[in-house]
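The primary structure of each chain is shown beneath.
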Amino acid sequence: MTQRVALVTGGTGGIGTEICKALADQGHKVVASWLAGIDDGEGWVAKMKAEGYEFEIAEGNVSNFDSATAMVKEAESKAGPIDILINCAGITRDSTLRKMKHEQWDAVMRSNLDSVFNVTKQVIGGMVDRKFGRVINISSVNGQKGQFGQANYSASKAGMHGFTMSLAQEVARKGVTVNTISPGYIATQMMNTLKEEVLNGIIAQIPMGRLGKPDEIAWVVNFLADERSSFITGANIAINGGLHMG
Ligand code: CAA
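Draft legend 1. Up close: the nonpolar core. Counting 30 residues, the largest nonpolar core has Ile 19, Ile 86 and Ile 181 as its most contacted members. For this core, the elements supplying multiple residues, two or more each, are strand E1 (5–8), helix H1 (14–25), strand E2 (29–34), helix H2 (41–50), strand E4 (84–87), strand E5 (133–138) and helix H8 (214–225). At six residues, H8 tops the list of elements feeding residues into this core. Aside from chain neighbours lying at most four places away, what touches Ile 19 is Val 8, Ile 86, Cys 88, Ile 138, Ala 218 and Val 221.

Draft legend 2. A look at the site of the ligand. Neighbouring residues of the ligand: 19 residues in total, closest Asp 94, Thr 96, Lys 99, Ser 140 and Tyr 153. For the ligand, a nitrogen atom lies 2.7 Å from a polar atom in the side chain of Asp 94. Between the ligand and the protein, one listed contact pairs a nitrogen atom with a backbone N or O atom of Phe 148 at 3.2 Å. With the chains in place, 55% of the 1,100 Å² that the ligand exposes on its own is no longer accessible. Split into classes, the residues belonging to the shell around the ligand amount to eight nonpolar, nine polar and two charged.

Draft legend 3. Quick peek at the packing of H1 against H8. Direction vectors running N to C along H1 and H8 enclose 45°, while the axes themselves pass 8 Å from each other. Between H1 and H8, the crossing angle belongs to the class labelled oblique. For the pair H1 and H8, the crossing hand works out as right-handed. Here Gly 14, Ile 15, Glu 18, Ile 19, Ala 22 and Leu 23 of H1 lie close against H8, whose contacting residues are Pro 214, Asp 215, Ile 217, Ala 218, Val 221, Asn 222 and Ala 225.

The rules behind each value
Residues numbered from 1 in each chain as written. Predicted model: local features only at pLDDT ≥ 70, side-chain atom pairs only at ≥ 80, totals over all residues. Heavy atoms only, no water. Core = buried A, V, L, I, M, F, W, Y, C linked by side-chain atoms within 4.5 Å. Buried < 20%, exposed > 50% of the residue type's maximum accessible area, 1.4 Å probe, protein only. Helix = DSSP H or I, 4+ residues; strand = E, 2+ residues; numbered from the N terminus. Contact = heavy atoms within 4.5 Å. Near = heavy atom within 4 Å. Polar contact = N/O pair within 3.5 Å; in protein donor to acceptor, adjacent residues only side chain to side chain. Areas by Shrake-Rupley, 256 points an atom, 1.4 Å probe, with all protein chains shown as cover. Nonpolar A, V, L, I, M, F, W, Y, C, P; charged D, E, K, R; others polar. Axes fitted to C-alpha atoms, helices over the stretch in contact; angles between N-to-C directions. Parallel < 35°, antiparallel > 145°, perpendicular 65-115°, else oblique. Left-handed = near helix turned anticlockwise from the far one by under 90°.

In structure tokens, the structure reads:
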């Protein structure tokens, strides 16, 4: 297996951390992006080191084009040109539309959707030139089915897959694949934003009767990143315990 360089945005988060570990377990060199003031990049590196993982980190706000540009430069200077990009950074600002403030709409669109443009734009040319690349966008079941209180989040996550399908066509002949993964409700800190009764109501709707685990997402990231997954592009792989099918 060729060792590749992978960049995971939101790499220090709940799902991101498991993705970093899974890619490292395959022998890839992994850089996690982190955001000063929100994440503890150095603390995360130390924690991972204690678990036996050597990761690089690159700081930047992926929702801002210039900051994302600097973050990718830092990542490439530390690890080399990016072969595998996982767009995993994302936030929620849940509210019914009647109550939603413009800032809640804007923050979610910038963090979840603009970020995909801001970061992918930096690495796609190199992938095409080198004739190998993997772009994997971490969307959501709620981008596929919608969710009460998530007009902003669902729109941003559906938008990610539109991006996937278009870019997949543009680079299909260049050895670069672009795919979406749509996780359902996964046991991470993001679930702490939900009231207990709301979360219990959601779990009751999941045919498997439980939340997903971050490593159940990371497994599929690795699968898509693999060289042998070379004919899969423009796909949207659901990992949701049966919450939404079709
Ligand atoms: N379906 C239908 N009606 C609902 C409802 C639902 N799911 N939830 C609330 N309502 C009703 C209430 O009964 C109430 O009705 P009345 O006015 O007739 O009494 C009304 O809607 C309340 O409306 P509000 O605008 O006052 O809503 P709220 O402030 O109480 O709650 C909310 C808004 C906090 C966003 C809440 O709806 C909520 O938590 N929704 C779930 C959001 C969610 O699933 N987030 C996922 C976060 S994790 C994630 O996003 C990861 C991922 O990818 C899956």
